[in-house]
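Chain by chain, the residues run as shown.
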Amino acid sequence: MSSNSASSTSGDDDFVDSNSVEDRLATVALADTVEEFSSPPPNLESQDGIGFASASEGEDEDAENDEDEGGVAVGEGFVRGGVVWGRTVSEIEVDAPGSPSSSGYAGERGSSGASSGEVEIDEVGNDEIKDLRNNDGEGVLDSQASWVPGKRHVDEDDASVSWRKRKKHFFILSNSGKPIYSRYGDEHKLAGFSATLQAIISFVENGGDRVKLIRAGKHQVVFLVKGPIYLVCISCTEEPYESLKGQLEFMYGQMILILTKSVNKCFEKNSKFDMTSLLGGTDAVFSSLIHSFSCNPATFLHAYTCLPLAYATRQAAGAILQDVADSGVLFAILMCKHKVVVSLVGAQKASLHPDDVLLLANFVMSSESFRQVTSESFSPICLPRFNPMAFLHAYVHYFDADTYLVLLSTSSGAFYHLKDCRMRIETVLLKSNVLSEIQRSLLDGGMHVEDLPVDPLPRSSAISSHLNLPKPVTDSPERFRDTCDGIAGPSGLWHFIYRSIFLDQYVSSEFPASISSPRQQKRLYRAYQKLYASMHERGIGPHKTQFKRDENYVLLCWVTQDFELYAAFDPLADKALAIKTCNRVCQWVKDVENEIFLLGASPFSW
Amino acid sequence: MARTSNKNIQAKLVVLGDMGTGKTSLVLRFIKGQFNDYQESTIGAAFFTQVLSLNEATIKFDIWDTAGQERYHSLAPMYYRGAAAAIVVYDITTMDSFVRAKKWVQELQKQGNPNLIMFLAGNKVDLEKKREVEFEEGEQYAKENGLVFLETSAKTAQNVNELFYEIAKRLVKSSPPTRPGGMKLHRGSRGTERRLFCCSV
């Protein structure tokens, strides 16, 4: 998509402005997509893992493209309806197990360690192919945990065929067209491309309008303007516009978390200000955020999720955190991976937005520097929903590989106080076995659809329906433990997400065997995301239920004033039975809400 | 500030320098004896404690390993305020980092504790082939500014323990029961230079 490769604007342009913009676009060549494959098989729709091997190529690149198919999209191709399909590199790379010893890993660390730079760069290409080969056999990972954050393919730029084939690009640039961040490729090499994006935005702005979306064949180009900062997503993943825009908002929020909104002042002083150096060493933060767009439903539900814990255990952890929160700590959050164990607000009764929790957790988890178990970190952090202008000071400490404590204070001199608080908290958590309970919960997982009670339990006997606590022996006959492979839960229930509107929290069931690979999970999340967007579409009024059957699933969505339920069933599931099952899920969630949600005492907002 | 109680000294030590010069690697080499080829960028600052026993005293270091990124620069005073010792690190393979190191030295001379014991460490001497900053250059600058100079390698552990032991020794010397006597050695000349800037503190 470089400015010198002119190709025609194809596809249905869906953007706000008039013909003049369209003409203009023809010259900047934004729209070069797969027109030659006019009728993709219908079941392609949500299979992101599969795409055209030759997607998004301009006509002028056919020759290059031929070469490329051998080199980049190795293997994996299969023939369907006479068209060669192959997994595109970007998808493979996302799901590929990153081995820390691989050269690609070394390359991406190059930004922080000066000595590790140059040498590795030319090896990245090999690594790419290695990744592909790794994936050849199973193409599947056992867990998402082995995804390694960090920048990949730094050697690419907008002239690279492989770069153009990436399914989802994210760019941050300044209003003078200077690149700030790019998901793929070296920002500095993308200066020309950034300038092109800037030209599009300012062209429309000069006409007194705003460009929000350009549709070009399979590609969507989504724009978000935040003062002097422009954010752009170019994607052919078929995600809804609202979702992509939400993702750009998160990207901006993550940037604000690192720098605060006062970065705008730098642009007021010098419009040509180069911001890349200010974000030095944060590639992993952004790449892991982008990764979470496809594996963390919090990114589209705008709610947080809790680690399932016995009510008493969570209370015990809450009590000690409340203690320190009262002593001048603004927020105290105990988290396990991206799940909240307990969180409390200090005397100021400030409120913590779920999006801030997500950005904070992403920042902490993706920065290896916090993980040094022998150290404690003290870092300025801005919570964009709380106050985008000011830094808070965060004390971060990992108790073990997964569990960490974040104490936030408004005072830069609070370190020693926060350190004392942490020591007190640690003592109590160890004494009351909270840390080992957390580890156990992590192993046991949350709600398994196989455990869905067959008949809704009467409220009075709800105690017996404990989640992952030692289950009473009488429990077992009530449950469907023995199910055949494909159909995990009763009546073909595969998975569900329940979002409590009042609590700003959601609970997501564990994935069954039928949705075990990250790619299948990503596909389901994308389907939920689409469902969420369609249920919340503006203008059409709030929808209450939706039942959708395709070749992958039956999806059922139910929105009430109190909750939203998203459920996925076997594609052959019976509609009436599915509805019945959803009622039982809701009842089940209510029965165990003490364990799966952070209730009462101190919710985030008052 | 170094606090003396009997023969125990608690001292705040701050490590400053450009990004990627190996500040964290030096600290981790000292504390854990480990080296990681791909050390991640530090976020904000990391806090470590380490106890060193000398014949004369036991020194408990509170080490602030700061992030080298530009965005954290304005927050640096938070970390070096009240420090008894500072290590300014540069990477001998990049002149830029040496230039940056000089700026840190200037800032510390202006803003830091006037009795601050300052060390200049030229790190990554294992990369002799890529050297851009000559030993003499570092030594000369250190001499002119009253710093203690060492070339180190966190990778090979060369001079790393020496660096911290040397700091410890000087802390012991500079913190006898009667505090004002602490000005000794070559630091006399620097002391007067510093006083000029006292008003800016």
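Since the model is a prediction, treat every value here as computed from it, not as a measurement.

Rules used throughout
Residues numbered from 1 in each chain as written. Chains lettered and ligands numbered in written order. Predicted model: local features only at pLDDT ≥ 70, side-chain atom pairs only at ≥ 80, totals over all residues. Heavy atoms only, no water. Phe/Tyr/Trp six-rings, centres within 6.5 Å; stacked < 30°, edge-to-face > 60°. Helix = DSSP H or I, 4+ residues; strand = E, 2+ residues; numbered from the N terminus. Buried < 20%, exposed > 50% of the residue type's maximum accessible area, 1.4 Å probe, protein only. Lys NZ or Arg CZ within 6 Å of the ring centre and 35° of its normal. Axes fitted to C-alpha atoms, helices over the stretch in contact; angles between N-to-C directions. Parallel < 35°, antiparallel > 145°, perpendicular 65-115°, else oblique. Contact = heavy atoms within 4.5 Å. Nonpolar A, V, L, I, M, F, W, Y, C, P; charged D, E, K, R; others polar. Pairing = 2+ DSSP bridges. Right-handed = clockwise from strand over helix to strand, strands pointing away. Left-handed = near helix turned anticlockwise from the far one by under 90°. Patch = residues over 30% accessible without salt bridge, like charges linked within 9 Å, V, L, I, M, F, W, Y side chains within 5 Å. Areas by Shrake-Rupley, 256 points an atom, 1.4 Å probe, with all protein chains shown as cover. Salt bridge = Lys/Arg side-chain N within 4 Å of Asp/Glu carboxyl O. Lys, Arg positive; Asp, Glu negative; His and termini not counted. Charge placed at Lys NZ, Arg CZ, Asp CG, Glu CD.

1. Thoughts on the packing of aromatic side chains
A full pass over the atoms with the stated rule returns 34 aromatic pairs over all chains. Relative to F415 of chain A, the ring of F378 of chain A lies with its centre 5.4 Å away and its plane at 65°, an arrangement referred to as edge-to-face. Here F378 of chain A is found in strand 12 (residues 376-381), whereas its partner F415 of chain A is found in helix 15 (residues 415-431), with 37 residues between them in sequence. For the pair F378 of chain A and F415 of chain A, one class covers both residues: buried. When the ring of W558 of chain A is compared with that of F563 of chain A, the centres are 5.1 Å apart and the planes differ by 85°; the resulting orientation is edge-to-face. Aromatic rings pair up to connect F378, Y395, F415 and Y416 of chain A together with F47, W64 and Y79 of chain B into one cluster. Sitting over the face of the ring of Y184 of chain A, R166 of chain A holds its NZ or CZ atom 4.8 Å from the ring centroid. One residue, K575 of chain A, lies across the ring of F547 of chain A, its end atom 5.1 Å from the ring centre.

2. Re the packing of helix 1 (residues 23-32) of chain B against helix 5 (residues 160-174) of chain B
Pairs of packed helices are described in terms of their axes, by the angle between the two and the distance that separates them. All names here are of chain B. The interhelical angle for the contact between helix 1 and helix 5, taken along N-to-C directions, is 85°, at an axis separation of 9 Å. The angle between helix 1 and helix 5 places the two elements in the roughly perpendicular class. Of the residues in helix 5, those touching helix 1 at L26, V27, R29 and F30 are V160, N161 and F164. Of the residues that constitute the contact of helix 1 with helix 5, the class distribution is five nonpolar, one polar and one charged.

3. Considerations on unusual backbone geometry
Phi is positive for K337 of chain A, which is not a glycine, with a value near 50°. One can find K337 of chain A in the loop between strand 10 (331-336) and strand 11 (339-345). The phi dihedral of N159 of chain B is positive, around 65°, even though this residue is not glycine. Mapped onto the elements, N159 of chain B comes out in the loop between strand 7 (148-151) and helix 5.

4. Re the pairing of strand 6 (residues 117-123) of chain B
All names here are of chain B. Burial within strand 6 is extensive, with seven of its seven residues counted as buried. Residues I117, F119, A121 and N123 point to one face of strand 6 and M118, L120 and G122 to the other, with burial holding for every one of them. Strand direction decides the pairing type here: strand 5 (residues 85-91) and strand 6, joined by seven bridges, are parallel. Within the sheet, the bridge partner assigned to I87 lies in strand 6 and is F119. Handedness of the strand 5-helix 3 (residues 95-111)-strand 6 crossover: right-handed. With four bridges connecting them, strand 6 and strand 7 associate as parallel partners.

5. A short note on the pairing of strand 12 of chain A
Within a regular strand, the side chains alternate between the two sheet faces. Counting buried positions over the six residues of strand 12 of chain A gives six, a clear majority of the element. Of the two faces of strand 12 of chain A, both are covered, the one formed by E376, F378 and P380 of chain A as well as the one formed by S377, S379 and I381 of chain A. Note: strand 12 of chain A against strand 3 (residues 45-53) of chain B, three bridges, orientation antiparallel. When the bridges of strand 3 of chain B are listed, F378 of chain A appears paired with A45 of chain B. As defined by bridge partners, strand 12 of chain A adjoins strand 13 (residues 392-398) of chain A across five bridges and the pair is classed as antiparallel. Bridge assignment links I381 of chain A to a residue of strand 13 of chain A, and that residue is L392 of chain A.

6. Overview of the packing of helix 11 (residues 283-292) of chain A against helix 14 (residues 354-366) of chain A
Residues and elements named next belong to chain A. Here helix 11 crosses helix 14 at 125°, and the two axes come no closer than 9 Å. If you check the angle between helix 11 and helix 14, you find them oblique. Two packed elements cross with a definite hand, and for helix 11 against helix 14 that hand is right-handed. Across the interface between the two elements, A284, V285, S288 and L289 from helix 11 touch L358, L359, N362, F363 and S366 from helix 14. Counted by class, the contact of helix 11 with helix 14 contains six nonpolar, three polar and no charged residues.

7. Considering the sheet that holds strand 8 (residues 229-235) of chain A
Residues and elements named next belong to chain A. Strand order in the open sheet made by the five strands is 5-4-8-7-6, with antiparallel pairing throughout. For this open sheet the edge positions go to strand 5 (179-182) and strand 6 (213-216), each flanked by a neighbour on one side alone. Direction aside, neighbouring strands of the sheet carry axes that sit 15° apart on average. Pairing of strand 4 (residues 168-174) with strand 8, which is carried by seven bridges, proceeds in the antiparallel orientation. Bridge pairing in strand 8 places F170 opposite C233.

8. Description of a negative patch on the surface
Together, E134, E136, E137 and E139 of chain B make up a negatively charged patch on the protein surface. Tracing the chain through its elements places E139 of chain B in helix 4 (residues 135-144).

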